[in-house]
Amino acid sequence: MEEPPRRIRALHTASTITVYQAYRPEIGLPAARDGRFPSVWLRHRMTWIKPSFLWMMYRCGWGTKEGQETVLAVEIRRAGFEWALRNACMSHYVRGLHESRDAWKRELSTAPARVQWDPERDLRLQALPYRSLQLGLSGEAARRYADEWTVAIRDVTPLAREVHARVRGGDLDAAARLLPQEAPYAGQDELIAHLQG
């Protein structure tokens, strides 16, 4: 089946969706241990969540980049994720989607979330011809993400290293079998209808 240009692909259940982030160990390890973000996690700053495991691997270099050594799988409530999408603004101006550049800037300054579509990645972290969601949360959305929407936090750094080792060894089939089973997110067309940039 041909992939659409943009799609939310994620590990999800009827009530939750798993997103990925990477942090330095001082934040990531306590978060995974306690199942919630520690007080040093700044709730007033923009935080970006990625439903695609392989896009997260591209971003954090399989957990090797400085400050991104601990890879987290954060299971959050679908209701919160969908609230963020409904209240999101595109991260960049799109002619025809926005009335004007100034109107987009006004929307961006007040929106609690922003959407960015980035090329999905394959096991070698090469760009694919279709895009996956990256969702930025700030203000109310970031606080609710950390304190209300989060159901569980797991350290998946060992998984990242194991998949990477299989890729380096040339066994892509074995690497693929280890990946989280991401599937198209149900109801996404309605959720992203206003974000077709």
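Everything numeric in this text was worked out from a predicted model, so none of it was measured. (Residues numbered from 1 in each chain as written. Predicted model: local features only at pLDDT ≥ 70, side-chain atom pairs only at ≥ 80, totals over all residues. Heavy atoms only, no water.)

J.: What's the story with helix α1 (residues 25-34) in this structure? I'm lost.
T.: One full turn of an α-helix is made of 3.6 residues, so residues set three or four places apart face in the same direction. I27, G28, P30 and A31 are the residues of α1 that are buried. On its buried face, α1 sits against β3 (16-23), β5 (70-77) and β9 (150-155). Of the residues one or two after α1, G35 is the one with positive phi, at around 75 degrees. (Buried < 20%, exposed > 50% of the residue type's maximum accessible area, 1.4 Å probe, protein only. Helix = DSSP H or I, 4+ residues; strand = E, 2+ residues; numbered from the N terminus. Contact = heavy atoms within 4.5 Å.)

J.: It is not clear to me how the nonpolar core should be interpreted in this structure. Could you clarify?
T.: Most often, soluble globular proteins have nonpolar side chains that are buried together. Residues F37, F81, L135, L137 and Y145 are the most contacted members of the largest nonpolar core, which totals 33 residues. For this core, the elements supplying multiple residues, two or more each, are β3, α1, β5, α3 (78-86), β6 (88-90), β7 (113-121), β8 (127-137) and α5 (139-149). Broken down by element, this core gets its largest block of residues, five residues, from α5. Excluding its chain neighbours within four sequence positions, the residues that come into contact with F37 are Q21, Y23, A31, R43, L72, V74, Y145, A146, T150 and I153. Counting 18 residues, the second-largest nonpolar core is a separate cluster that includes A22, L54, M57 and A73. (Core = buried A, V, L, I, M, F, W, Y, C linked by side-chain atoms within 4.5 Å.)

J.: In this structure, what is going on with the pairing of β8? I would like to understand it.
T.: Each regular strand carries side chains that alternate between the two faces of the sheet. Inspection of the sheet shows strand β1 (residues 6-7) paired to β8 by two bridges, in the parallel sense. Across the sheet, R6 pairs through a bridge with R131, a residue of β8. Sheet topology places strand β4 (residues 47-49) next to β8; three bridges connect them, and they run antiparallel. Counted as the bridge partner of I49 is L135 from β8. In terms of strand pairing, β7 meets β8 through eight bridges, oriented antiparallel. From the neighbouring strand, R121 faces β8, where its bridge partner is A127. Between the end of β7 and the start of β8, which pair antiparallel, lie five residues, with L125 showing a positive phi angle near 65 degrees. (Pairing = 2+ DSSP bridges.)

J.: It is not clear to me how the packing of aromatic side chains should be interpreted in this structure. Could you clarify?
T.: Here a ring pair, both rings aromatic, is described through the centre-centre distance and the interplanar angle of the planes. Per the counting criterion, the structure on display carries eight aromatic pairs. Arranged with centres 6.0 Å apart and planes meeting at 70 degrees, the rings of Y23 and F37 form a pair that is edge-to-face. Taken together, the residues span a long stretch of sequence, with Y23 in strand β3 and F37 in the loop between α1 and β4 at a distance of 14 residues. On the accessibility criterion, Y23 (12% relative accessible area) is buried. On the numbers, 5.3 Å between centres and 70 degrees between planes, the contact of F81 with Y185 is edge-to-face. (Phe/Tyr/Trp six-rings, centres within 6.5 Å; stacked < 30°, edge-to-face > 60°.)

J.: How should the environment of T64 be read in this particular structure?
T.: Relative to the elements of secondary structure, T64 occurs in the loop between α2 (53-60) and β5. C-alpha separation for the pair T64 and D189, spaced 125 residues apart in sequence, amounts to 35 Å. Side-chain polar atoms of T64 contact the backbone oxygen of G61, separated by 2.6 Å. (Polar contact = N/O pair within 3.5 Å; in protein donor to acceptor, adjacent residues only side chain to side chain.)

J.: So what exactly am I meant to see when it comes to the environment of A146 here?
T.: Positionally, A146 belongs in helix α5. A residue is classified by how much of its surface remains accessible, and A146, at 4% relative accessible area, is buried. Counting along the chain gives 72 residues from A146 to V74, while the straight-line C-alpha distance between them is 9.9 Å. If we ignore the near neighbours within four places in the chain, the residues touching A146 are F37, W41 and R43.

Coordinates in, geometry out; function isn't part of it.
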